[in-house]
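Next come the chains, spelled out residue by residue.
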Amino acid sequence: WGISSDAMELLSDKHITFAQRLQDEKQTYEYVASEHLRMSGAYWTVGAISILDALDKLRMDEIVQFVLDSQNENGGFGGNVGHDSHMLYTTSAVQILVMANRLGDVDRSKIAKYVKSLQQSDGSFAGDEWGEIDTRFSYCALLTLSLLQMTDQIDVPKAVDFVMKCNNFDGGFGCVPGAESHAAQVFCCVGALALADQIHRIDADRLGWFLCERQVKSGGFNGRPEKLADVCYSWWVLSSLIMIDRLAWIDQENLKKFIFTCQDAEDGGIADKPGNVADIFHTFFGIGGLSLLGYGGLKRINPAYAITDDILLRHGITPKF
């Protein structure tokens, strides 16, 4: 179990050390068990350290080479070297290359062609050649192509229409039409609409109520009614609230305290809940949440692109929020 933190501040140096250890500890059970999503792990690591303005503390050339080695002939990227291409990992790969300022090392049109191949006749996107449909993939497609500045390669109006079909009576969004509203799916749908410049199609007040009701007594957010709070929703909920301009509807100071108490005061990293074992997934989203809240000393992460604003500007992309 992790050692919960009593400090009401971000333990930045410990989190940097935690991330550095992940580059070196390759004989652990956790490393082996996460083989299939190594690309996501790399993104969470680089993303967290980028917000902390400490990318020089990582061996970025090694990470970039891993990304390049994970690209397949169809233009997509797998979760690891030799793994099948998937939309999720393609997005993470492009995000890493943008943060590393190495997007010039890949053929953008080849990646765009892969993303385009996954769009279905109803505007939705499959995750890979096996055909699973999910609004996560709609967001990933629009994000990837936005970073490549090639959104003209897909049918954006159809993509938007599919996302809107997943909007529910409570204001939230599900993974497919008729599916239960969930805060993480809300982020994907709101993000997709934001990237497509269609945020106005959302009933902001109705969705705002669904999102602010996710905050529980501890200050943290859950993803659905009657669930426990989890640090990762600090990102999913906050980013969505910012994009629909309803951030003032939640208790921001109480949320900060919840994130702080989920830190491992001894070994670094942030867990899903106080006292649990820290991992890089929750570390990224916890730090990302604090960045969205304007916590001092952190670079500002963009709620739609999940990359810091300064890096977007460096690539000629004007932050939308």
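The coordinates are above.
Counting restarts for each chain, with residues numbered from 1 along the sequence as it is written. Two thresholds apply to this predicted model, a pLDDT of at least 70 for residue-level local features and 80 or more for giving and counting side-chain atom pairs, whereas whole-chain, interface and lining totals are computed over all residues. Only hydrogens and water are set aside; all other atoms, that is, all heavy atoms of the structure, feed into the side-chain values.

Peer 1: Which residues make up the overall build of the chain, and what values go with them?
Peer 2: Numbered from the N terminus, helices here are DSSP runs of H or I no shorter than four residues, and strands are runs of E no shorter than two. Looking only at helices and strands, the chain has 14 helices and zero strands in total. Counted from the first residue to the last, the chain has its helices and strands arranged as α-α-α-α-α-α-α-α-α-α-α-α-α-α. With respect to the three principal axes, the spread of C-alpha positions in the chain is 50 × 45 × 35 Å. For the chain, the share of sequence-separated contacts (at least 6 apart) that also reach a separation of at least 24 residues comes to 67%. Only carbon and sulfur atoms are counted for the fraction: they give 49% of the accessible area of the chain, which is about 13300 Å². The criterion used for residue contact is that any of the two residues' heavy atoms lie within 4.5 Å. Calculation of accessible area relied on Shrake-Rupley with a 1.4 Å probe; when residues are assessed, cover is drawn exclusively from the protein chains displayed.

Peer 1: Hey, could you go over the environment of I202 for me, with residue numbers and the actual values?
Peer 2: Take I202: it is sitting in the loop between helix 9 (183-195) and helix 10 (204-212). For I202, the contacting residues outside a window of four places in its chain are F173, V190, L193, L207 and I244.

Peer 1: Could you give an account of helix 3 (residues 38-51), with specific residues and numbers?
Peer 2: Expected span of a helix, by definition, is 1.5 Å for each gap between consecutive residues, and there is one gap fewer than residues. Taking 1.5 Å of rise per residue, 14 residues should cover 20 Å, and helix 3 covers 20 Å from first to last C-alpha, within 8% of that figure. Each residue's exposure class comes from its accessible area (1.4 Å probe, protein chains only) as a fraction of the maximum for that residue type: buried when under 20%, exposed when over 50%, partly exposed otherwise. Of all 14 residues in helix 3, 14 are buried, a share of seventy percent or more.

Peer 1: Give a detailed account of the side chain of Q215, specifying residues and quantitative values.
Peer 2: Inspection of the secondary structure puts Q215 in the loop between helix 10 and helix 11 (233-243). Of note is the side chain of Q215, whose polar atom sits 2.9 Å from the backbone nitrogen of D251. Here a polar contact is taken to be a pair of N or O atoms separated by no more than 3.5 Å, where protein atoms must pair a possible hydrogen donor with a possible acceptor and residues adjacent in sequence count only if both atoms sit in side chains.

Peer 1: A description of the packing of helix 7 (residues 135-148) against helix 9 should follow, citing residues and the corresponding values.
Peer 2: Two quantities define a packed helix pair, namely the angle between the axes and the distance from one axis to the other. Angular values range over 0 to 180 degrees, each being the angle between N-to-C directions of two axes fitted as lines to C-alpha atoms, with helices fitted over their stretch in contact. Running from N to C, helix 7 and helix 9 cross one another at 35°; their axes reach a closest spacing of 8 Å. For the element pair helix 7 and helix 9, the recorded crossing hand is left-handed. When helix 7 is examined against helix 9, the residues T135, R136, S138, Y139, L142, L143 and S146 are found in contact with a partner set consisting of Q185, F187, C188, C189, G191, A192 and L195. Gly counts as polar in this scheme, as do all residues outside two lists: the nonpolar Ala, Val, Leu, Ile, Met, Phe, Trp, Tyr, Cys and Pro, and the charged Asp, Glu, Lys and Arg. Taken together, the residues of the contact of helix 7 with helix 9 break down into eight nonpolar, five polar and one charged. Each crossing gets its handedness from the near helix: less than a right angle anticlockwise from the far helix is left-handed, clockwise is right-handed.

Peer 1: Give me the packing of helix 3 against helix 4 (residues 60-69): which residues, what numbers.
Peer 2: Closest axis-to-axis distance for the helix 3/helix 4 pair is 11 Å, and the angle between their directions is 150°. What the angle tells us is that helix 3 and helix 4 run roughly antiparallel. Our pair here, helix 3 against helix 4, has a crossing hand that is left-handed. Packed against helix 3, whose contacting residues are R38, M39, A42 and V46, the element helix 4 presents M60, I63, F66 and V67 at the interface. Relative orientations are named as follows: roughly parallel for angles under 35 degrees, roughly antiparallel for angles over 145 degrees, roughly perpendicular for angles from 65 to 115 degrees, and oblique for any other angle.

Any link to function would need more than the numbers given here.
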